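Fold and contact review
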Amino acid sequence: MYQAIVFLPLIGAFIAGFFGRVIGDRGAQIVTCGCMVLSALLGIVALHQVAILGQVKTVDIFTWIQSGTLELSWAVRFDTLTAVMVFVVSFCSTWIHIYSIGYMSHDTSIPRFMSYLSLFTFFMLALVTADNFVQLFFGWEGVGLCSYLLIGFWYDRPSANAAAIKAFIVNRVGDFGFALGIFATYLVFDSVNFDAVFQAVPAKAGSKIEFLGQSYDAMTVLCLLLFVGAMGKSAQLGLHTWLPDAMEGPTPVSALIHAATMVTAGVFMVCRLSPMFEYAPMALAVVAVVGASTAFFAATIGLVQNDIKRVIAYSTCSQLGYMFFAAGVSAYSAAIFHLMTHAFFKALLFLGAGSVIHAMSDEQDMRKMGGIWRQVPYTYAVMWIGSLALAGIPFFAGFYSKDLILEAAYAANSGVGAYAFWLGIGAAFLTAFYSWRLLFMTFHGTPRADEHVMAHVHESPMIMIVPLLVLAVGAVVSGFIGYEYFAGGKMTAFWKDALLVLPQHNTIEAAHHVPFWVKALPIVVAPAGIALAYYFYIARPELPGMLVRTHEPLYKFLLNKWYFDELYDMLFVRPAVWLGRGLWKGGDGYVIDGFGPDGISAATIRLARRAGRLQTGYVYHYAFAMLIGVVALVSWYLWRLH
Amino acid sequence: MTPTAVPALLPALPEIALAVIAMALLMYGVFGGERSPRGCAWLAVAGLAITAVLVLVANGDRAETFNGQFVVDGFARFMKVLVLLGSGLATIMSMSYMERERMERFEYSVLLLFATLGMLMMISANDLIALYVGLELQSLSLYVVAAIRRDTVKSSEAGLKYFVLGALSSGMLLYGASLIYGFAGTTSFVGLARLFAESSGAAPVGVIIGIVFLCAGLCFKVSAVPFHMWTPDVYEGAPTPVTAFFAVAPKIAAIALFTRTLLGPFGDLVDQWQQIIVAVSIGSMVLGAFAAINQSNIKRLMAYSSIGHMGYALVGLAAGSQAGVRGVVIYVALYLFMAVGTFACILSMRHQGRLVEGIADLTGLSKTHPMMAFMLAVFMFSMAGIPPMAGFFGKFFVFQAAVQAELYSLAVIGVLASVVAAYYYIRIVKLMYFDEPIEALDQRIGGEMTTIMFATGIITLLFFVYPLPLMNGAASAAAALFGG
């Protein structure tokens with residue numbers, strides 16, 4: 001059963017990918033969706049068995065690598081953490097598969113799309129069920145590949161290709177850190193299997209790694225290197241630049257990969273490796289600071305973006321920051337809890353945005369929308385639900401998880417915790433503001449699209465609406481249902497040994513005993529943000545423009561995303577292009593080609609011409625050559641004899 | 001006056017038989033008149049076949065006769081068979097050509113027989129004088145054959161050039177022989193060998209100089225650089241069947257003579273002559289590779305190709321070992337098939353009844369003559385030394401011997417030269433297969449040509465399937481030369 005969960009999507013991808021022409025568009029959709037539905041049903045069964053009934057198990061499939069002390073097998077490891085991830089991934093993926101049938105109905109290469117989606121799901125499941133670092137890395141690279149393929153799905157658009165390449169290359173930076181982390185882990189622990197490493201961690205705590213004559217704390221180095229990988233995949237501050245551009249891909253891709261699943265792999269990894277991070281307080285602090293900074297930073301950019309998908313993308317980036325600083329203060333269960341609720345409401349928001357885009361004839365700019373809420377009632381409703389959940393309005397999913405995170409940050413009772421708490425509160429306020437800015441600009445006010453587009457505005461077909469409704473239910477109830485298990489009274493029985501939290505780091509427990517104002521503050525700032533958005537975009541629509549004029553530098557700064565792209569362009573891209581061009585033109589073209597193939601062939605032709613010219617046709621020349629030959633040979637011998 | 005004992009004639013029976021047949025054919029031709037040439041040619045082929053049988057039936061031991069001037073051993077027998085095969089095939093290939101070009105003369109076949117007789121004598125020569133006699137018998141016939149088409153300037157020019165330069169080379173060879181005799185006191189190979197074995201490799205300067213001149217003369221015969229200059233002009237000028245003959249039989253005979261001379265009497269002076277052979281071999285391989293690139297005439301191209309191939313054969317000789325000789329023998333044997341097959345293709349290149357010689361005429365051959373194009377492609381790949389064609393194995397064994405003899409730079413240069421040479425061989429394949437035909441060649445190809453083309457093509461292509469007979473033959477031939 002456990003193997004089937006992982007490999008069913010691969011089978012679907014294989015059939016749709018290689019036999020897409022044979023089975024046709026409809027066939028590809030049925031095969032991939034069928035495999036996904038099965039996988040998701042089994043995933044729910046597995047969640048019940050593992051998390052509720054406590055049947056934690058690891059299924060060895062085959063020995064993968066055996067070389068010296070390096071020994072690892074391909075395995076499916078099912079503990080609570082995995083079961084939760086499998087549930088989230090297969091559930092979201094299934095509904096997004098179904099949604100894609102409607103959304104991509106006009107596309108010309110449906111089998112390819114469905115195959116990529118399923119392949120992605122396979123890699124993601126392989127990632128979360130990994131029993132060792134190498135399989136984790138396999139899934140990690142696999143989802144990166146699928147992300148690349150899907151961002152560049154419309155390969156005839158230059159912008160999509162550029163975005164795909166950017167995503168791939170930025171992820172390489174993170175993966176480089178991740179790979180180094182794995183190598184270092186093997187160096188320190190002589191194993192890459194999770195169980196062996198986790199057992200050995202307490203004994204190795206405080207040991208040193210020598211590098212270039214300096215010695216560093218081993219666990220800190222390992223965790224920081226691994227965290228670099230997580231930063232790349234989860235688009236944390238510094239390595240976040242690819243995520244907004246990734247919105248070039250089809251909207252279901254944004255929902256599945258760049259909101260619900262792949263980008264959360266970094267969070268998953270930190271939680272999975274909690275037995276290591278727990279012994280590296282320094283690394284945990286870094287995780288918390290980076291996460292909190294990202295949460296706030298991405299929210300500020302979200303304020304001024306005009307592309308509907310980009311707003312949600314920055315929102316994703318920001319929410320991932322929340323998850324990371326939760327992990328950074330050892331509230332891993334809160335991080336995973338938020339990961340799950342976020343998967344529901346963010347997938348919902350993306351799919352809702354997709355529905356809007358579908359209705360607006362592929363328009364993504366919110367300045368050209370507005371006043372369409374009557375035409376698209378379902379979409380309008382689910383966007384509200386998603387936004388309420390995102391903003392953390394009480395009793396929606398985000399309320400439980402986000403408040404828990406903020407309380408845990410406060411309860412950590414450290415400088416880092418306070419930093420995370422206050423930035424988190426600020427980000428919550430900004431989140432509410434940009435969410436309602438999005439709602440108001442998209443659905444309310446006077447229509448800003450041209451008549452042609454407005455005439456076409458229509459609700460999406462049922463095949464797209466049903467997934468929206470299902471996810472909306474998830475966005476409403478998942479927090480309420482999950483709270484008891486993830487952080488409440490049933491917490492210990494639920495998680496068992498999947499996560500390790502040292503007693504002195506038990507922030508979840510402490511989070512239940514924080515002052516009342518700490519609990520109340522998030523509930524206050526969210527409505528405040530909504531109110532401000534209402535004031536700006538409904539009550540006084542001329543105000544944003546005025547503000548922009550009076551605070552132009554700040555506006556430009558935010559609009560240009562803190563100039564990260566420009567900075568990277570100057571620091572890395574241009575030198576790299578310059579170096580590459582130099583090596584290409586000078587190194588390859590001039591030196592290697594010039595002295596290699598081209599040079600040799602030119603020399604050969606010259607020599608051939610000269611050799612041909614030796615043949616004059618005159619007998620006396622020939623005779624002369626013979627005599628010279630004899631004389632030369634004789635001279636050589638006489639010279640040698642003396 | 002004491003009666004001179006009649007020397008044993010049995011070892012020389014094939015040569016005697018061939019001489020008698022040739023003279024009988026001369027009579028037949030003279031009295032047969034106009035109608036005789038074709039019959040004469042077939043009779044010549046039969047004569048060559050009889051000779052080959054006589055060579056093969058003799059028992060395998062080493063035998064000397066005519067006061068040690070003439071020797072028969074495994075090496076001689078093997079090379080003689082190759083020479084006879086080459087001559088026979090060349091004779092067959094020339095028949096229809098001669099008729100078509102209105103130049104059928106019975107003397108042609110007879111001259112080929114005499115040339116072949118000279119070659120057999122060369123291969124069996126066991127004395128400097130015997131060597132010279134055999135060589136001149138061969139050469140004089142070849143001079144005439146090269147100029148057999150008296151009414152064209154080119155053919156006459158080719159014959160004359162060959163003659164003048166050949167005379168020069170004969171002079172050098174004789175001068176070298178006289179130096180060796182003067183300093184060593186004997187012309188007998190056996191005597192010379194004994195002498196140098198006793199002095200354990202030391203030799204007077206005069207002998208060394210003599211060897212250099214002797215080598216120069218022999219290099220001329222195998223057309224090795226820098227004594228190769230006659231080759232392209234003669235190959236181009238001579239009638240194509242004559243060129244085909246030139247490219248095969250005399251080359252094999254000369255290589256055999258060269259090998260026997262250097263390893264027999266001068267076997268203990270390897271250190272002295274090895275450098276000559278290395279230098280000459282490198283020169284031949286490199287020139288053969290580079291000079292052929294710009295050629296537009298396929299006969300000229302084949303001339304440079306044969307220069308290159310002789311260079312490779314000399315690589316084996318330069319090794320101076322039994323493995324090296326085995327490599328040489330295998331190389332020339334396989335070269336025989338490749339070269340004959342290629343010339344069969346060239347002789348089939350006719351455009352509106354006329355023979356054409358341009359490489360460009362082969363353009364698009366695969367569309368008009370798929371089988372011929374395939375065969376020619378096989379020969380070209382083989383000449384370039386691409387596995388699994390026969391030519392690859394030829395090169396492999398000589399290079400192996402060179403490496404064993406620690407002549408690393410020679411082997412490396414040889415391999416590099418073969419890379420360059422591959423260019424012009426494979427260019428022909430490219431022309432045949434990838435370019436559109438401009439003017440189709442004539443459809444009809446003679447039956448003899450097709451047979452020869454296919455037989456040699458299959459041997460070249462499938463040699464690797466059953467290489468044992470040739471390998472064993474070559475090994476025992478090489479062993480015979482080393483007295484094993």
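All chains use their own residue numbering, which begins from 1 and follows the written sequence. As they are written, the chains are lettered A onward and the ligands numbered 1 onward, keeping that order. For a predicted model such as this one, the threshold for reporting local features is a pLDDT of at least 70, and the threshold for listing and counting side-chain atom pairs is 80 or more; totals across whole chains, interfaces and linings nevertheless cover every residue. Excluded from the side-chain calculations are hydrogens and water; all other atoms, namely the structure's heavy atoms, are used.

Thoughts on the overall build of chain A
Counting its regular elements, chain A contains 28 helices and 4 strands. The buried label goes to any residue with under 20% of its type's maximum accessible area, the exposed label to any with over 50%, and the partly exposed label to all in between, with areas taken from a 1.4 Å probe on protein chains only. Within the span of chain A, comprising 642 residues, buried residues form 57% of the whole. Roughly 25,800 Å² of accessible area belongs to chain A as shown, and the carbon and sulfur atoms make up 68% of that amount. In DSSP terms, a helix is any run of H or I states spanning at least four residues, a strand is any run of E spanning at least two, and both are numbered starting from the N terminus. Using a 1.4 Å probe, accessible areas were evaluated by the Shrake-Rupley method; residue-level cover was limited to the displayed protein chains.

What about the packing of aromatic side chains?
Residue and element names in this part refer to chain A. Note on aromatic pairs: the rings of Phe, Tyr and Trp (six-membered ring only in Trp) are paired at centre separations within 6.5 Å, and the planes decide the class, stacked below 30 degrees, edge-to-face beyond 60, tilted for the rest. In this structure the tally under the stated criterion is 70 aromatic pairs over all chains. When the centroid spacing of 5.1 Å and the interplanar angle of 75° are considered together, the rings of Phe113 and Phe153 count as edge-to-face. Residue Phe113 is found in helix H4 (residues 110-128), and its partner Phe153 is found in the loop between helix H5 (133-151) and helix H6 (158-189); the two are separated by 40 residues along the sequence. Like Phe153, Phe113 is buried. A centroid spacing of 5.1 Å and a plane angle of 55° characterise the contact between Tyr148 and Phe168, whose relative ring orientation is tilted. Here Tyr148 is found in helix H5, whereas its partner Phe168 is found in helix H6, with 20 residues between them in sequence. The rule is short: NZ of Lys or CZ of Arg within 6 Å of the ring centre and within 35 degrees of the ring normal puts a charge over the ring. Note that Arg172 overlies the ring of Phe168, its terminal NZ or CZ placed 4.4 Å from the centroid. The cationic tip of Lys585 hangs over the ring face of Trp584; the distance from NZ or CZ to the ring centre is 4.4 Å.

Remarks on empty space enclosed by the protein
All names here are of chain B. For each structure, a 1 Å grid was placed over the protein atoms alone; sets of points admitting a 1.4 Å probe that cannot get out are labelled cavities, open sets with protein on both sides within 12 Å along at least five of seven lines are labelled pockets, and lining residues have an atom within 4 Å of a point. Grid points are joined across faces, edges and corners, and a volume is the space filled by probe spheres set on the points. For the coordinates displayed, the defined rule picks out 4 cavities of 30 Å³ or more. Roughly 100 Å³ of internal volume is contained in the largest cavity. In terms of lining residues, the largest cavity is bounded by Pro37, Arg38, Ala41, Thr91, Ser94, Met95, Met98, Glu99, Glu104, Arg105, Tyr108 and Ser109. Broken down by element, the residue count for the lining of the largest cavity peaks at 5 residues, all from helix H3 (residues 74-100).

Digging into the layout of surface pockets
All names here are of chain A. Looking at the largest pocket, its volume works out to about 720 Å³. Along the walls of the largest pocket sit 26 residues, with Arg437, Phe536, Tyr537, Pro544 and Val548 positioned nearest its centre. Considering each element in turn, the lining of the largest pocket owes the most residues, 6 residues, to helix H18 (residues 415-443).

Observations concerning the side chain of A:His338
Relative to the assigned elements, A:His338 resides in helix H15 (residues 332-359). It only takes one pair of heavy atoms within 4.5 Å for two residues to be counted as in contact. With near-sequence residues (within four places) excluded, A:His338 lies in contact with A:Gln319, A:Tyr322, A:Met323, A:Phe345, A:Ser401, A:Lys402 and A:Ile405.

Overview of unusual backbone geometry
All names here are of chain B. That bond from Val225 to Pro226 is cis: its omega, 0°, falls within 30 degrees of zero. Within the fold, Pro226 resides in the loop between helix H8 (205-222) and helix H9 (230-237). For the bond from Pro387 to Pro388, the omega torsion is 5°, close enough to zero to count as cis. Looking at the secondary structure, you find Pro388 in the loop between helix H15 (370-384) and helix H16 (390-404).

Considering the nonpolar core
As used in this record, nonpolar core signifies buried Ala, Val, Leu, Ile, Met, Phe, Trp, Tyr and Cys residues forming a set joined through side-chain atoms within 4.5 Å. Ranked by internal contacts, the top residues of the largest apolar core, which has 214 residues, are A:Met276, A:Phe277 and A:Phe325. With residues up to four places along the chain from it excluded, the contact list for A:Phe325 reads A:Val287, A:Ala288, A:Gly291, A:Ala292, A:Ala295, A:Ile405, A:Leu406, A:Ala409, A:Ala420 and A:Gly424. Counting residues in hydrophobic clusters, the runner-up holds 201 residues, among them A:Tyr622, B:Tyr335, B:Leu376 and B:Met380.

Quick look at the packing of helix H12 (residues 298-319) of chain B against helix H17 (residues 408-434) of chain B
All names here are of chain B. Note on geometry: axes are C-alpha line fits, over the in-contact stretch for helices, and angles between N-to-C directions span 0 to 180 degrees. Running from N to C, H12 and H17 point in directions that differ by 155°, and their axes come no closer than 11 Å. When the axes of H12 and H17 are compared, the pair comes out roughly antiparallel. The way H12 lies across H17 gives a crossing that is left-handed. On the side of H12, the interface is formed by Ile298, Leu301, Ser305, His309, Tyr312, Val315 and Ala318, while H17 contributes Leu410, Gly414, Ala417, Ser418, Tyr424, Tyr425 and Ile428. Residues that form the contact of H12 with H17 fall into these classes: 10 nonpolar, 4 polar and no charged. Oblique is the label for any angle not covered by the other classes, which are roughly parallel (under 35 degrees), roughly antiparallel (over 145) and roughly perpendicular (65 to 115). By definition, turning the near helix anticlockwise from the far helix through less than a right angle yields a left-handed crossing, and turning it clockwise yields a right-handed one. In the scheme used here, Gly and all other residues not listed as nonpolar or charged are polar, with Ala, Val, Leu, Ile, Met, Phe, Trp, Tyr, Cys and Pro taken as nonpolar and Asp, Glu, Lys and Arg as charged.

Take it as geometry only, folks, not as evidence of what the structure does.
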